[in-house]
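# Understanding the architecture of this molecule
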Amino acid sequence: MLPDLRTEIPGPRSRALAARLRAAESRNITYLDAEFPIFWELAEGMNVWDADGNRFLDFTSAFAVASLGHGATAGALATQAGRLLHAMGDVHPTEEKVRLCERLGEMTFGRWLGRPGKVILGCNGSDAIEAALKTAVLASGRSGVLTFENGYHGLGYGALTAGGMPRFQLPFRAQLADWATLLPYPHCFRCPFGRADLARIEEKVEGIPACQDACAADFARALDAAFARGNIGAVLVEPAQGRGGDVFPPAWFLPALRAACDVHGALLVFDEIYTGFHRTGPRFAADAAGVVPDLICLGKALTGGFPLSACVGRSEVMDAWPESTGEALHTSTYLGHPGGCAMALASLDALEAPGLADEVLAKGRALRDALRELNSPKIGDVRGRGLMIGAEIVMRAPEDLRPDPASSIRAVKAALRAGLILLAGGPAGNVLSISPPFIVSDEEIAWAAATIGEGLASAEAP
Ligand SMILES: Cc1ncc(COP(=O)(O)O)c(C=O)c1O
């Protein structure tokens, strides 16, 4: 449903809650100003209602979690909570945990290699990454990990060490370890090798920029040099970068990583916490690329709204862990939470819907087309696959493609005032990050694109 606004935005109750939060929460956590945020009270499907009774349209799926729409798996949680809310994850677990691990192992490595993978469950995405990092050091015997500039894997110290966004790391540098080596992440619009901006490339072969061979060669040199320094046990990569600005690498990139890992005996770890479960169309971005990793990290849309994540590995790799003798080396109080497992099982059932991948791809194309048709000089690039879309806000396209984060935040606030919930991301904060639930309608797509256009036009006004 399109928005229905009854007060100014934010309304008086949201403003009052913001004032209370300012006094009660660490000032670093929630961004608070006169125009932001609204306080959510209720959500269903595509819509969110705030504390003032205003109805919004959510084009974020609340951090790409509510892919099936808000509340889609709430019934599974209610039923489970009525029976058993909490168990003892690594001591006395539940059948739900068994079923979820079986299902995840089957839908990944079972499907890819004919032998189900094995699972370590966690609570948030960062946990899944850290389980993968521990697995990699046990399986490879090597501590070094190759990771990527502008990569985001969460903010726990292990995941943070592997991240490629310095602003999250700098204040804590003294407590971070040094086992991660950053590599450039190929990105046509903002070429890390300084070769070209895609928007300026005239010469293309079948839609592919002519500089791709040179880019692949630049990257191969950086990769070889990193492996040559030795002790690399794993390569950790997002198949498409989410918080890094919805960046989709060229088609040669993931196969090149697979080949290099095979040559050097390193493990390939896909962080599909954002891209997994059809966000980019196919079930996993690994499927779209035709590349099988050794470990895959999952979260977000896995449950549709419960803090539960998973690291799934090839069974031989996972068997690098020793058998538990009564004290797990890796666990947590809420590991395998029955409510989260029940929601994940319900979510996986719903995600089996026939035709879902094609539907997500088609809706994504429609949304990108609608954004391009705005012909806004503030949009330098519209990119994405499926319903993981980035619109890069620049000073003035096509001549000045420098990032314009001030306009992007103004556009996010203008959209909110019109009833559209959006996020800004990317290393400079200038990418409108658009990831609506898969149930988004044609009418909602058209309305949201027009609203973004109006927001950008107002952001442009002096
Ligand atoms: C690709 C990716 N990995 C890991 C994470 C971290 O997940 P969490 O915030 O649940 O720890 C995120 C969160 O946005 C993500 O996008």
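### Quick notes on the overall build of the protein
For the protein, the count of helices and strands is 15 helices and 18 strands. Against the 2.2 N^0.38 benchmark of 23 Å for 462 residues, the protein shows a C-alpha radius of gyration of 22 Å, consistent with a compact globule. Seen along its three principal axes, the alpha-carbon backbone of the protein occupies a region of about 65 × 60 × 50 Å. Counting across all 462 residues of the protein, residues that qualify as buried make up 52%. Across the protein, every contact between residues at least 6 apart in sequence was considered, and the portion connecting residues at least 24 apart equals 70%. Carbon and sulfur atoms form 55% of the exposed surface of the protein, whose accessible area is close to 19900 Å². Measuring between centres, the 42 positive side-chain charges of the protein sit 3 Å from its 53 negative side-chain charges.

### So, the side chain of aspartate 218
Along the polypeptide, aspartate 218 turns up in helix H8 (residues 212–228). Note on aspartate 218: relative accessible area 13%, which makes it buried. Within polar-contact distance, the side chain of aspartate 218 engages the side chain of arginine 221 at 2.8 Å. When near neighbours in sequence (up to four residues on either side) are disregarded, aspartate 218 contacts Phe193 and Arg195.

### What to know about the layout of surface pockets
Size it by volume and the second largest pocket reaches roughly 880 Å³. Val119, Ile120, Trp321, Pro322 and Ser324 are, among the 29 residues lining the second largest pocket, the residues nearest its centre. Every element with two or more residues in the lining of the second largest pocket is listed here: helix H4 (95–113) and strand E4 (118–122). Element by element, the count of residues in the lining of the second largest pocket is highest for H4, at six residues.

### Examining the environment of glutamate 238
For glutamate 238, the position within the fold is in the loop between strand E9 (232–237) and helix H9 (253–264). Relative accessible area serves as the criterion here: at 6%, glutamate 238 is assigned to the buried category. Considering only alpha carbons, one finds glutamate 238 and isoleucine 296, 58 residues apart in sequence, at a separation of 9.9 Å. With residues near it in sequence (within four places) discarded, glutamate 238 still touches Asn150, Gly151, Tyr152, His153, Tyr185 and Asp271. In this structure the side chain of glutamate 238 is engaged in a polar contact, spanning 2.9 Å, whose partner is the backbone nitrogen of tyrosine 152. In terms of polar contacts, glutamate 238 uses its side chain to reach the backbone amide nitrogen of glycine 242, at 3.1 Å.

### Concerning the state of the cysteines
Think of a disulfide as a covalent bridge from one cysteine sulfur atom to another cysteine sulfur atom. For the coordinates displayed, the defined rule picks out zero disulfides. A disulfide-free cysteine, cysteine 188 has its sulfur positioned 6.3 Å from the sulfur of cysteine 211, the nearest such atom. On the accessibility criterion, cysteine 188 (23% relative accessible area) is partly exposed.

### What about the pairing of strand E1 (residues 40–44)?
The side chains of a regular strand alternate, residue by residue, between the two faces of the sheet. The buried count for E1 comes to zero of five residues, which makes it a mostly uncovered element. Pairing geometry for E1 and strand E2 (residues 47–50), over four bridges, is antiparallel. Residue glutamate 44 lies in a different strand from E2, and its bridge partner there is asparagine 47. Here E1 hands over to E2 after two residues, with glycine 45 in that stretch at a positive phi of 60°.

### What to know about the environment of proline 166
With respect to the helices and strands, the residue proline 166 is situated in helix H7 (residues 166–169). Distance in space between the C-alpha atoms of proline 166 and methionine 318 is 31 Å, their sequence separation being 152 residues.

### Describing the sheet that holds E9
Here we have seven strands laid out as an open sheet, ordered E4-E12-E11-E10-E9-E5-E6, and mixed in their pairing. The open sheet has two edge strands, E4 and strand E6 (180–183), and neither has a second partner. Strand-to-strand twist in this sheet, taken as the mean axis angle between neighbours without regard to direction, amounts to 20°. Pairing analysis gives three bridges linking strand E5 (residues 144–148) to E9, with the strands arranged parallel. The residue of E9 that forms the bridge with valine 145 is alanine 234.

### Examining the nonpolar core
Counting residues in each nonpolar core, the largest one holds 74 residues, and the members touching the most others are Phe59, Leu104, Leu257 and Phe277. Per-domain counts for this core show at least three residues from each of domain 1 (12–71 + 356–460) and domain 2 (76–351). Every residue in contact with leucine 257, bar those within four places of it in the chain, is listed here: Phe148, Phe219, Leu223, Val235, Val237 and Leu268.

### Focus: the domain arrangement of the protein
The assigned domain composition of the protein is domain 1 (12–71 + 356–460) and domain 2 (76–351). Summarising the inter-unit geometry, the C-alpha centres of domain 1 and domain 2 are found 25 Å apart. Taken together, the contact pairs 37 residues of domain 1 with 34 residues of domain 2. A buried area of about 2600 Å², summed over both sides, lies between domain 1 and domain 2, and 58% of it is on carbon and sulfur atoms. It is Arg385, Met388 and Leu401 in domain 1 that bury the most area against domain 2; as a group they hold 27% of the surface buried on that side. At the junction of domain 1 with domain 2, the criterion picks out one salt bridge. With a shortest N-O distance of 2.5 Å, arginine 190 and glutamate 392 are connected by a salt bridge. Our count for the contact surface shared by domain 1 and domain 2 stands at 13 residue pairs in polar contact (both at pLDDT 80 or more). Of all the elements in the fold, those that place two or more residues in the side of domain 1 that touches domain 2 are helix H2 (61–64), helix H13 (356–372), strand E13 (379–385), strand E14 (388–396), strand E15 (400–403) and strand E18 (431–434). Split by residue class, the side of domain 1 that touches domain 2 holds 20 nonpolar, 11 polar and six charged.

Rules used in this analysis
Residues numbered from 1 in each chain as written. Predicted model: local features only at pLDDT ≥ 70, side-chain atom pairs only at ≥ 80, totals over all residues. Heavy atoms only, no water. Helix = DSSP H or I, 4+ residues; strand = E, 2+ residues; numbered from the N terminus. Rg over C-alpha atoms; globule rule 2.2 N^0.38 Å. Buried < 20%, exposed > 50% of the residue type's maximum accessible area, 1.4 Å probe, protein only. Contact = heavy atoms within 4.5 Å. Areas by Shrake-Rupley, 256 points an atom, 1.4 Å probe, with all protein chains shown as cover. Lys, Arg positive; Asp, Glu negative; His and termini not counted. Charge placed at Lys NZ, Arg CZ, Asp CG, Glu CD. Polar contact = N/O pair within 3.5 Å; in protein donor to acceptor, adjacent residues only side chain to side chain. 1 Å grid on protein atoms, 1.4 Å probe; cavity = no way out; pocket = protein on both sides within 12 Å on 5 of 7 lines; lining within 4 Å. Points joined across faces, edges and corners; volume = space filled by probe spheres on them. Disulfide = S-S within 2.5 Å. Pairing = 2+ DSSP bridges. Axes fitted to C-alpha atoms, helices over the stretch in contact; angles between N-to-C directions. Core = buried A, V, L, I, M, F, W, Y, C linked by side-chain atoms within 4.5 Å. Domains from an automatic or database assignment. Buried area = accessible area lost by both parts, 1.4 Å probe. Salt bridge = Lys/Arg side-chain N within 4 Å of Asp/Glu carboxyl O. Nonpolar A, V, L, I, M, F, W, Y, C, P; charged D, E, K, R; others polar.

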